[in-house]
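Overview (structure and organization)
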Amino acid sequence: MIVARDVAEVREVVRRAARERIPLIARGAGSGLAGGAVATDGAIVLDLSGLDRILAIDPVDGTAHVEAGVITADLDRAAREHDLIFAPDPGSVGISTIGGNIATNAGGLRGAKYGVTRDAVLSVDVVLADGSLVRLGRPTIKGVTGYDLAGLIVGSEGTLGVVVGAVVRLLPRPRRVATASAFFATLEDAATAVAAVAVSGARPAVLEILDGATLAAIDDAQGTGLRARGDALLVAQTDGFGAEEEIAVVVEALSATASAVDWTADEAEADRLLAARRQALPAIERLGRPLIEDIAVPRSRLAEAIRRIRAVAAERDVPIFVFGHAGDGNLHPIIVADADEDGGIPEAAHRAADDIFALALELGGTVTAEHGVGRLKREWARRELGEPPVLLHRRIKDVFDPDGILNPGSGL
Ligand SMILES: Cc1cc2nc3c(=O)[nH]c(=O)nc-3n(C[C@H](O)[C@H](O)[C@H](O)COP(=O)(O)OP(=O)(O)OC[C@H]3O[C@@H](n4cnc5c(N)ncnc54)[C@H](O)[C@@H]3O)c2cc1C
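Residues numbered from 1 in each chain as written. Predicted model: local features only at pLDDT ≥ 70, side-chain atom pairs only at ≥ 80, totals over all residues. Heavy atoms only, no water.

Right, let's get into the packing of aromatic side chains. The final tally for this structure, using the stated rule, is 1 aromatic pair. Sitting above the plane of the Trp380 ring, Arg383 keeps its charged end 3.9 Å from the centroid. (Phe/Tyr/Trp six-rings, centres within 6.5 Å; stacked < 30°, edge-to-face > 60°. Lys NZ or Arg CZ within 6 Å of the ring centre and 35° of its normal.)

What follows concerns the site of the ligand. As a structural note, the neighbourhood of the ligand is formed by 34 residues, with Ala26, Ser31, Gly32, Ser92 and Thr97 the closest of them. A distance of 2.9 Å separates an oxygen atom of the ligand from a polar atom in the side chain of Thr104. Between the ligand and Val163, the relevant distance is 2.9 Å, taken from a nitrogen atom to a main-chain nitrogen or oxygen of the residue. Compared with its free state, where it exposes 970 Å², the ligand has 94% of that area covered by protein. At the level of secondary structure, the elements contributing two or more residues to the shell around the ligand comprise strand E2 (24-27), helix H3 (98-104) and strand E9 (162-169). Split by residue class, the shell around the ligand holds 12 nonpolar, 19 polar and 3 charged. (Near = heavy atom within 4 Å. Polar contact = N/O pair within 3.5 Å; in protein donor to acceptor, adjacent residues only side chain to side chain. Areas by Shrake-Rupley, 256 points an atom, 1.4 Å probe, with all protein chains shown as cover. Helix = DSSP H or I, 4+ residues; strand = E, 2+ residues; numbered from the N terminus. Nonpolar A, V, L, I, M, F, W, Y, C, P; charged D, E, K, R; others polar.)

Grouped together as the largest cluster of nonpolar side chains are 51 residues, with contacts concentrated most on Phe184, Leu234, Leu254, Ile320, Leu331 and Ile335. For this core, the domains that each give at least three residues are domain 2 (177-282) and domain 3 (285-322 + 330-383). Look past the residues within four positions of Leu331 in its chain and what remains in contact with it is Ile209, Glu293, Asp294, Ile295, Leu302, Ala305, Ile306, Ile309, Val322, Phe323 and Gly324. (Core = buried A, V, L, I, M, F, W, Y, C linked by side-chain atoms within 4.5 Å. Buried < 20%, exposed > 50% of the residue type's maximum accessible area, 1.4 Å probe, protein only. Domains from an automatic or database assignment. Contact = heavy atoms within 4.5 Å.)

With that settled, consider the packing of helix H11 (residues 302-316) against helix H12 (residues 347-362). At a closest axis distance of 10 Å, the pairing of H11 and H12 adopts a crossing angle of 155°. It follows that H11 is roughly antiparallel to H12 by the angle criterion. Once H11 is placed against H12, the crossing between them reads as right-handed. Between H11, through Ala305, Arg308, Ile309, Val312 and Arg316, and H12, the contact on the second element is made entirely by Ala348, Arg351, Ala352, Asp355, Ile356, Leu359 and Glu362. Taken together, the residues of the contact of H11 with H12 break down into 7 nonpolar, no polar and 5 charged. (Axes fitted to C-alpha atoms, helices over the stretch in contact; angles between N-to-C directions. Parallel < 35°, antiparallel > 145°, perpendicular 65-115°, else oblique. Left-handed = near helix turned anticlockwise from the far one by under 90°.)

For the rest of this paragraph, the subject is a negative patch on the surface. Among the surface-exposed residues, Asp266, Glu267, Glu269 and Asp271 lie close enough to one another that they form a single negatively charged patch. Position of Asp271 among the secondary structure elements: in helix H9 (residues 267-278). The class for Asp271 is partly exposed, based on a relative accessible area of 47%. (Patch = residues over 30% accessible without salt bridge, like charges linked within 9 Å, V, L, I, M, F, W, Y side chains within 5 Å. Salt bridge = Lys/Arg side-chain N within 4 Å of Asp/Glu carboxyl O. Lys, Arg positive; Asp, Glu negative; His and termini not counted. Charge placed at Lys NZ, Arg CZ, Asp CG, Glu CD.)

So, about the sheet that holds strand E7 (residues 121-127). If you walk across this open sheet you meet the 5 strands as E4-E5-E9-E7-E8, and the pairing is antiparallel. The strands lining the two open edges of the sheet, one partner per strand, are strand E4 (54-58) and strand E8 (133-137). Neighbour-to-neighbour, the strand axes of this sheet turn through a mean angle of 15°, independent of strand direction. Where E4 lies against strand E5 (residues 63-67), 4 bridges are found, and the strand directions are antiparallel. Bridged to Ala56 within E5 is His65. Contacts between helix H1 (residues 7-20) and the sheet are confined to E7, E8 and E9, with E9 contributing the most and set at about 140° to the helix. Against the sheet, helix H2 (residues 72-80) engages E4, E5 and E9, with an angle of about 40° to E4. (Pairing = 2+ DSSP bridges.)

This brings us to the domain arrangement of the protein chain. Structurally, the protein chain comprises domain 1 (2-172), domain 2 (177-282) and domain 3 (285-322 + 330-383). Computed over C-alpha atoms only, the centres of domain 2 and domain 3 are separated by 23 Å. Listed as interface residues are 17 residues of domain 2 and, on the opposing side, 16 residues of domain 3. Summing both sides of the interface, domain 2 and domain 3 together bury roughly 1400 Å²; the carbon and sulfur share of this comes to 63%. For the pair domain 2 and domain 3, the interface holds 2 salt bridges. (Buried area = accessible area lost by both parts, 1.4 Å probe.)

Listed below in structure tokens is the structure:
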């Protein structure tokens, strides 16, 4: 592994990789969940975390110019000093890097209203496979000159170039925030409530779902008492000047199927609830070897998806924890299994994952909503896209990386 400290060092390493045809794997914080930043035999892993400067914040333009290794939460903290936010906030916000977020087009808790990383990226500075440095996109909010090459880099998982910097959008920090929590007797009731919120006219910034098993795991890890209150929890947050009026609409929608609904305008209490949500994955990881899945379905099919994931768990006889960004139809079914005799993931867990991917596609969804294809989902990603789009991907890859040195074995 080589830890780069500046753009010149990145360019030097890429030039060497190009000269000697050595595979090169860009790495931010290594928090990715698709195996995309994992070393392979003979490859150079290029760690970008040393490029960690916030170069400029311009409150009038609503932009920040950052290096790729800046930690996501650090940018949001810096934006706060100007009464702004960096909206993309993956559960891993405290460890992930902006470069990694761009490379995976990361989503987050606030995605229901603010979208994903793609919506926040204006331009990217990229070291191409021959070591040259280009700026793609532009720092203005609008601009349509040429193809959207910056957009192509977003979500390309280190297969088209190494992101060394970016100009990203910052948005006004909401002056008011209101947060509701609703407990449900069943997960299906919670999914039904998500549909009710979708047609309520409200647009919550956060709409997160957690099932009973996930609540129990968080209770064990954090000493909270969430599971005793229901078999599913929805956390909704509205923001902006009308936050309290809007949360009232959300609460009414949730109340149709919830067993209990509370709301608060107290930010510290809301932060505690969202912190518990962010602990979902680490809490489940304590319980065994997890297969972390990442499907999305149209919100109208969420209840059906959840019902059938439950059926998969019963049929394959494996525990499946479910939580996710319900406002985006994005579920994280986590299959937790004891390792088999060789220390690997047992066959039943893999079969359950295949069932879930097939289910996502049948319902008109995707096998990866935000974690990416990486090394883990190549086969299913190809199945999702079909042949002509996969061929287009390969031709684009050839243009950017004719010798195939950038993260080979990852992506399509
Ligand atoms: C507890 C937890 C919660 C999470 N919650 C979410 C969530 O809510 N939403 C979500 O989307 N993800 C989530 N993730 C996954 C992960 O944090 C994101 O994918 C994140 O964007 C990865 O950033 P990273 O800096 O760790 O990248 P890495 O893991 O280092 O790399 C990820 C991929 O990006 C490529 N890459 C990294 N940096 C660069 C660069 N500078 N240039 C080119 N390619 C690069 C790598 O080659 C690899 O393919 C979570 C992970 C954890 C552990």
